Amino acid sequence: MTILDGKKVSNDIKNEIAEEVKQMKANGEKAPHLAAVIVGNDGASLTYVGSKVRACERIGFESTMVRLSNTTSEIELLDKIEDLNNDDNIDGFIIQLPLPPQINTRKVLMAVNPDKDVDGFHPMNFGKMALDMSTFIPATPFGILELMDRYGVETKGKHTVVIGRSHIVGRPMSILMGRKGFPGNSTVTLTHSHTKNITQITSQADIIISALGIPHFLKAEMVKDGAVIIDVGITRVPDDSEKGYYITGDVDFENVSKKASFITPVPGGVGPMTIAMLLKNTLLAREQHRSNS
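Along each chain, residues carry numbers from 1 onward, in the same order as the chain's sequence is written. For this predicted model, a pLDDT threshold of at least 70 governs which residues receive local features, and a threshold of 80 or more governs which side-chain atom pairs are given and counted, while totals over whole chains, interfaces and linings are taken from all residues. Side-chain measures were taken over the full set of non-hydrogen atoms in the model, leaving aside hydrogen atoms and water.

## Remarks on the pattern of salt bridges
Side-chain pairs of opposite charge can arise where the charged atoms are in close proximity.
Logical step 1: What counts as a salt bridge is simple: a side-chain nitrogen of Lys or Arg found within 4 Å of a carboxyl oxygen of Asp or Glu. All chains considered together, the criterion is met by 9 salt bridges.
Logical step 2: The salt bridge involving Glu16 is made with Arg150; its shortest N-O contact spans 2.9 Å. Taken together, the residues span a long stretch of sequence, with Glu16 in helix H1 (residues 6–26) and Arg150 in helix H6 (residues 139–151) at a distance of 134 residues.
Logical step 3: Linking Arg290 and Glu29 is a salt bridge whose minimum nitrogen-to-oxygen distance equals 2.3 Å. Within this pair, whereas Arg290 is found in helix H10 (residues 270–292), its partner Glu29 is found in the loop between H1 and strand S2 (33–39), the two being separated by 261 residues in sequence.
Logical step 4: A 1.4 Å probe rolled over the protein chains alone gives each residue an accessible area, and that area as a share of the maximum for its type sets the label: buried under 20%, exposed over 50%, partly exposed in between. We classify Glu29 as partly exposed; its relative accessible area is 27%. To qualify as a helix, a DSSP run of H or I must reach at least 4 residues; to qualify as a strand, a run of E must reach at least 2; elements of each kind are numbered from the N terminus.

See below:
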């Protein structure tokens, strides 16, 4: 069994990007600039955006954190997005989710310029991805593909089962794993909360990608010997420890890992890859803007 070490691979990617940025600067070019917009004081969101800002510093990117209060109106947020769309200094930006209830998330994501949508959430980018055109792939699916690529996980002709159909992970993964090329060319089954006999389906899978958010959902009896397990779930489960919780994924790691050929740990698997690929998308946006100017 091989651990798909997202922490190690994400560090490799950051080092590779840092080298490219160094080269850009040596050529007198501007470093890529990533902005993050956060509305409110959600603890997990602040932690996540903070780690993105630190990652930018480490690899030589410029970064801007736009913090707006919890009472920000939809109009105010849309005005801020318009400013970022028109700011030539910013190559890409993200809107940290979730947003407060007074704001329509879909409307906000639609307002982002697709050329700066480094999260890959805009319908134009999602549509291009579905049509196998060059575009920004959402960071988490992009990270999963990169992990498989770097560890040489065979996907051609394999049966991939995706658990969860979110627009951020499940649905894009189901499209990407079925596309021509590597990683891809697999036969995909997309399962969700209304799927019947899910154990019957997962036990036939060569590759399982779980993005459900239910701790320890995937048990050993649901997995065949030699399966590849990608665990996207990350949940804080209360316990009696000093911290008061432990972090776990969708997979019963202890027992499933005994049957798997490859498996991602939680934490340290898919999570670190998401930030690395967001940076990669920002670098791609910078290169795109440079070739268009």
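## Regarding the sheet that holds strand S4 (residues 92–95)
Logical step 1: With parallel pairing, the 3 strands of this open sheet are ordered in space as S3-S2-S4. Because the sheet does not close on itself, it has two edges, and the strands there are strand S3 (62–68) and S4. Direction aside, the axes of adjacent strands within the sheet are offset by 15° on average.
Logical step 2: Note: two strands are recorded as paired if DSSP finds a minimum of 2 bridges between them. Where S2 lies against S4, 4 bridges are found, and the strand directions are parallel. Counted as the bridge partner of Leu34 is Gly92 from S4.
Logical step 3: The contact rule is simple, with two residues in contact once any of their heavy atoms fall within 4.5 Å. To define axes, lines are fitted to C-alpha atoms, for helices over the stretch in contact only, and angles between the resulting N-to-C directions are given on a 0 to 180 degree scale. Most of the contacts of helix H2 (residues 43–59) go to S3, to which it runs at about 160°, and overall it touches S2, S3 and S4.

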